[in-house]
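Report on the structure
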Amino acid sequence: MKYYLIVGEASGDLHASHLIRELKKADKDADFRYFGGDLMQAEGGTLVRHYRDTAYMGFITVVRHLPSIFRNMSMCKADIRQWKPDAVILVDYPGFNLSIAKYVHTNQLAKVYYYISPKIWAWKEHRIRNIKRDVDEMFSILPFEVAFYEGKHHYPIHYVGNPTADEISRFKQEYTETFLQFCERNGLSSQPIIALLAGSRKTEIKDNLPKMMKALAHYPDYQFVLAGAPAIDDDYYQKFIEGSRVQLVHQETFPLLSHSTAALVTSGTATLETALFGVPQVVCYVAPMAKVYGVLKRLFVKVKYVSLVNLIANREVVPELVLDAYTPERLLRELKAILPGGEHRQAMLEGYQAMVQAIDKPDAPGNAARQMVDLLRNG
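Residues numbered from 1 in each chain as written. Predicted model: local features only at pLDDT ≥ 70, side-chain atom pairs only at ≥ 80, totals over all residues. Heavy atoms only, no water.

1. Considerations on the sheet that holds strand β4 (residues 87-91)
Strand order across the open sheet formed by 7 strands is β3-β2-β1-β4-β5-β6-β7, with parallel pairing between neighbours. Edge positions in the open sheet fall to β3 (46-50) and β7 (158-159), since each of these has one partner strand only. Note: β4 against strand β5 (residues 111-115), 5 bridges, orientation parallel. Paired with Ile89 across the bridge in β5 is Tyr113. (Pairing = 2+ DSSP bridges. Helix = DSSP H or I, 4+ residues; strand = E, 2+ residues; numbered from the N terminus.)

Following this line, the structure appears as structure tokens:
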């Protein structure tokens, strides 16, 4: 059968590449075409457009690139119509993908499957109408989405497990490097590590990294190590860390977390990754005009928490210093509380265990692939 996949960023490329691998196991005649990235291309099939040429984040950036976005969308629709896939598999990236879903459904071109739901439970909940109308099957990777979709909106979905948990489990089984070997290979000292995960986009890094670095002077007995994001050049980081004690490592997030004592993390998948490595963390996310954004968040964001750790556990396991809730003083206080001997460290580690139990379903891409193939064959 023929599968057309669409992703819009690096994380989607990673998860879709694993899904392609599993689809090939479940369907020996599988053929692939996609808007994707290097990892998907390594699994085979035809890359139509790279995600770096289609992904635009932020209102102003999107407006400036509207002609390019519309061209990419038209190209994608025409390519799907010409190739005639059995299934179009959408991976997150809702602004683009929900438009494609509507086109495919309206024209009855293929089954529409969504792997990794848009975060409509947090904002733009009205998109549920489009999903119920245009998406044949939703494959969820977050356990709390079952109650949102099925309980609140009466839309049946498939919870298949969490691919990030699968990836980290595999990494732990295979990774053998010691702390000292890791430090020596990356030119680090032997001091315990506080990891900095400052986001995957330049705007996030610009807003959050300098705030995180204010903790340096208060912890001379620790080394601060920054995890470089895949799409960000080292030169960009140097503007912020030059002359400081912060050390940068690239393509080393999992090894870094496996050897860290604590972490400062922006909201996103990185909070889940940090928790799955058992590293106590403070979630910090700031932006320009934080007070204004804080008011808007309270008005429009529909969830109590922003970190995946707290959302999955359904309680505050990790502190969230988000927008107007962030202050340098609170950052220092929360960081002190999760370092060895800190008053909140053990409780946070116990909360992580409860979160892991809530996920409790291994092999997300395999589960999704087998269900997709079965649905296509048997209805």
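2. So, helix α8 (residues 163-174)
Between its first and last C-alpha atoms α8 spans 17 Å; for 12 residues at 1.5 Å apiece the expected length is 16 Å, and the two agree. Of the surrounding elements, those touching the buried residues of α8 are α1 (10-26), β5, α12 (253-258), α13 (269-276), α17 (345-359) and α18 (364-378). Among the residues of α8, the N-terminal cap falls to Asn162, whose side-chain oxygen and the backbone nitrogen of Thr164 are separated by 2.9 Å. (Expected span 1.5 Å × (residues − 1). Contact = heavy atoms within 4.5 Å. Polar contact = N/O pair within 3.5 Å; in protein donor to acceptor, adjacent residues only side chain to side chain.)

3. Notes on the packing of aromatic side chains
Think of a pair of aromatic rings as described by two things: how far the centres are apart, and how the planes are tilted against each other in angle. All told, the structure shown has 14 aromatic pairs when counted by the stated rule. For the ring pair Phe171 and Phe254, a centre distance of 5.5 Å and an interplane angle of 70° mean the geometry is edge-to-face. Here Phe171, found in helix α8, pairs with Phe254, found in helix α12; they are 83 residues apart in sequence, far enough to count as distant. Given a relative accessible area of 16%, Phe171 falls into the buried group. Aromatic pair Phe171 and Phe277: ring centres 5.8 Å apart, planes at 75°, arrangement edge-to-face. Of this pair, Phe171 sits in helix α8 while Phe277 sits in the loop between α13 and β12 (281-285), placing them 106 residues apart in sequence. Grouped by ring-pair contacts, the aromatic residues Phe171, Tyr175, Phe254 and Phe277 constitute a single cluster. The side chain of Lys2 reaches across the aromatic face of Trp83, ending 4.7 Å from its centre. When the ring centre of Phe277 is taken as reference, the NZ or CZ atom of Lys172 above it lies at 5.5 Å. (Phe/Tyr/Trp six-rings, centres within 6.5 Å; stacked < 30°, edge-to-face > 60°. Buried < 20%, exposed > 50% of the residue type's maximum accessible area, 1.4 Å probe, protein only. Lys NZ or Arg CZ within 6 Å of the ring centre and 35° of its normal.)

4. Brief notes about the nonpolar core
One finds Tyr3, Leu5, Ile6, Ile100 and Tyr115 to be the most contacted residues of the largest nonpolar core, which totals 128 residues. Among the elements that take part in this core, α18 stands out by supplying 7 residues, more than any other. Those residues in contact with Tyr3, other than ones at most four positions away along the chain, are Leu23, Asp27, Ala30, Asp31, Phe32, Arg33, Trp83, Ala87, Ile89, Val373 and Leu376. (Core = buried A, V, L, I, M, F, W, Y, C linked by side-chain atoms within 4.5 Å.)

5. Considering the pattern of salt bridges
What the rule picks out here adds up to 15 salt bridges. Ionic pairing is found between Glu9 and Arg201, a salt bridge with its closest N-O pair at 3.0 Å. Within this pair, whereas Glu9 is found in the loop between β1 (2-6) and α1, its partner Arg201 is found in the loop between β8 (193-197) and α10 (202-212), the two being separated by 192 residues in sequence. One salt bridge connects Arg33 with Asp79, and the closest N-O pair in it is separated by 2.7 Å. With Arg33 in strand β2 (residues 31-36) and Asp79 in helix α4 (residues 66-83), this residue pair connects regions lying 46 residues apart in the sequence. One salt-bridge network, held together by shared partners, links Glu9, Arg201 and Glu204. (Salt bridge = Lys/Arg side-chain N within 4 Å of Asp/Glu carboxyl O.)

6. Quick look at the packing of α8 against α13
Two packed helices can be described by the angle between their axes and the distance between those axes. At a closest axis distance of 10 Å, the pairing of α8 and α13 adopts a crossing angle of 40°. Classed by the angle they form, the pair α8 and α13 counts as oblique. In this structure, the crossing between α8 and α13 has a hand that is right-handed. Residues Thr164, Ala165, Ile168 and Lys172 of α8 form the contact with α13, whose participating residues are Thr269, Leu272, Glu273 and Leu276. Tallied by class, the residues present in the contact of α8 with α13 amount to 4 nonpolar, 2 polar and 2 charged. (Axes fitted to C-alpha atoms, helices over the stretch in contact; angles between N-to-C directions. Parallel < 35°, antiparallel > 145°, perpendicular 65-115°, else oblique. Left-handed = near helix turned anticlockwise from the far one by under 90°. Nonpolar A, V, L, I, M, F, W, Y, C, P; charged D, E, K, R; others polar.)

7. Overview of the sheet that holds strand β9 (residues 223-228)
Spatial strand order, β10-β9-β8-β11-β12-β13: 6 strands in an open sheet with parallel pairing. Looking at the sheet topology across the chains shown, the edges are occupied by β10 (247-250) and β13 (320-322). For this sheet, the mean inter-axis angle between neighbouring strands, taken without regard to orientation, is 25°. Alignment of strand β11 (residues 260-265) against β12, held across 3 bridges, turns out to be parallel. Note that in β12 the partner of Val265 across the bridge is Val283. This element, α10, spans β8, β9, β11 and β12 of the sheet and lies at about 130° to β12.

8. Quick notes on the side chain of Ser17
When you line up the elements, Ser17 lands in helix α1. Of the polar contacts made by the side chain of Ser17, one reaches the backbone oxygen of Leu14; its length is 2.6 Å. In contact with Ser17, other than residues within four places in its own chain, are Leu39, Met40 and Glu43.

9. Considering the environment of Val88
You can see Val88 is positioned in strand β4. The spacing of Val88 and Tyr4 is 84 residues in sequence and 4.7 Å in space, taken between C-alpha atoms. Excluding residues that lie within four positions of it along the chain, Val88 makes contacts with Tyr4, Ile6, Ile80, Ile100, Val104, Ala110, Lys111, Val112 and Tyr113.

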